[in-house]
Amino acid sequence: MAAAETIEVEVVYCPAPGAADCTTLRLPAGSTLAEALAASGLAARHALGADVTYGVWGRGRPLQAVLRDRDRVEVLRPLTVDPKEARRLRYRRQRTGPPVRPAAA
């Protein structure tokens, strides 16, 4: 293998539901999550603050984590609604919707 080996990683941030900012990068082997974020420019484009967390393939990772080829780095927004409460609200909306009529036989 060559001394200048590189890895390919994808950095993803969803600023709002249904919107995604994806950047594919080629970085030197041994690059960290922090280096991928800096190279992607996501922090500058979206003015990310200290309230975001980071992960690789859905699992939380520190900024010092070393990346592997084909990793997907995810920038995670803080939750605005507790998932259990959101589920309860959806259920209530379904129950108060129009009545369901049985199918005619």
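Whatever comes next refers back to the structure up there.
Residues numbered from 1 in each chain as written. Predicted model: local features only at pLDDT ≥ 70, side-chain atom pairs only at ≥ 80, totals over all residues. Heavy atoms only, no water.

Let's talk about the nonpolar core
Moving on, step 1. Counting residues in hydrophobic clusters, the biggest one holds 16 residues, and the most contacted among them are Val-9, Val-11, Leu-67 and Val-75.
Moving on, step 2. Among the elements of the structure, β1 (6-16), β2 (19-28), α1 (33-40) and β5 (72-76) are those that each provide at least two residues to this core.
Moving on, step 3. Looking at this core, the element that brings in the most residues is β1, giving four residues. (Core = buried A, V, L, I, M, F, W, Y, C linked by side-chain atoms within 4.5 Å. Buried < 20%, exposed > 50% of the residue type's maximum accessible area, 1.4 Å probe, protein only. Helix = DSSP H or I, 4+ residues; strand = E, 2+ residues; numbered from the N terminus.)

Quick word on the pairing of β5
Moving on, step 1. Bridging between β1 and β5 involves four bridges; their strand directions are parallel. Bridging across to β5, Val-12 finds its partner in Glu-74.
Moving on, step 2. Pairing of strand β3 (residues 53-56) with β5, which is carried by four bridges, proceeds in the antiparallel orientation. Bridge pairing in β5 links Val-56 to Val-73. (Pairing = 2+ DSSP bridges.)

Re the environment of Arg-70
Moving on, step 1. Tracing the sequence through the fold places Arg-70 in the loop between β4 (59-60) and β5.
Moving on, step 2. Using a relative accessible area of 58% as the deciding quantity, one classes Arg-70 as exposed.
Moving on, step 3. In the structure, Arg-70 is positioned 61 residues away from Val-9 in sequence and 5.0 Å away in space, judged by C-alpha atoms.
Moving on, step 4. If we skip the residues at most four places from it in the chain, Arg-70 touches Glu-8 and Trp-57. (Contact = heavy atoms within 4.5 Å.)

Some points on a positive patch on the surface
Moving on, step 1. Together, Lys-84, Arg-87, Arg-90 and Arg-93 make up a positively charged patch on the protein surface.
Moving on, step 2. With respect to the helices, strands and loops of the structure, Lys-84 is situated in helix α3 (residues 83-95).
Moving on, step 3. Classification of Lys-84 by relative accessible area gives exposed; the value is 51%. (Patch = residues over 30% accessible without salt bridge, like charges linked within 9 Å, V, L, I, M, F, W, Y side chains within 5 Å. Areas by Shrake-Rupley, 256 points an atom, 1.4 Å probe, with all protein chains shown as cover. Salt bridge = Lys/Arg side-chain N within 4 Å of Asp/Glu carboxyl O. Lys, Arg positive; Asp, Glu negative; His and termini not counted. Charge placed at Lys NZ, Arg CZ, Asp CG, Glu CD.)

Side note on the state of the cysteines
Moving on, step 1. Under the criterion given, the structure shown has zero disulfides.
Moving on, step 2. You can see Cys-14 has no disulfide; the closest cysteine sulfur is in Cys-22, sitting 6.9 Å from it. (Disulfide = S-S within 2.5 Å.)

What about the sheet that holds β1?
By definition, the strands of a sheet pair up through backbone hydrogen bonds, in either a parallel or an antiparallel sense.
Moving on, step 1. Ordered by their spatial adjacency, five strands build an open sheet running β2-β1-β5-β3-β4, and the pairing between neighbours is mixed. Both edges of this open sheet fall to β2 and β4, since each of them pairs with a single strand only.
Moving on, step 2. Strand contacts of α1: β1, β2, β3 and β5, with the helix running at about 115 degrees to β2, the strand carrying the most contacts. (Axes fitted to C-alpha atoms, helices over the stretch in contact; angles between N-to-C directions.)

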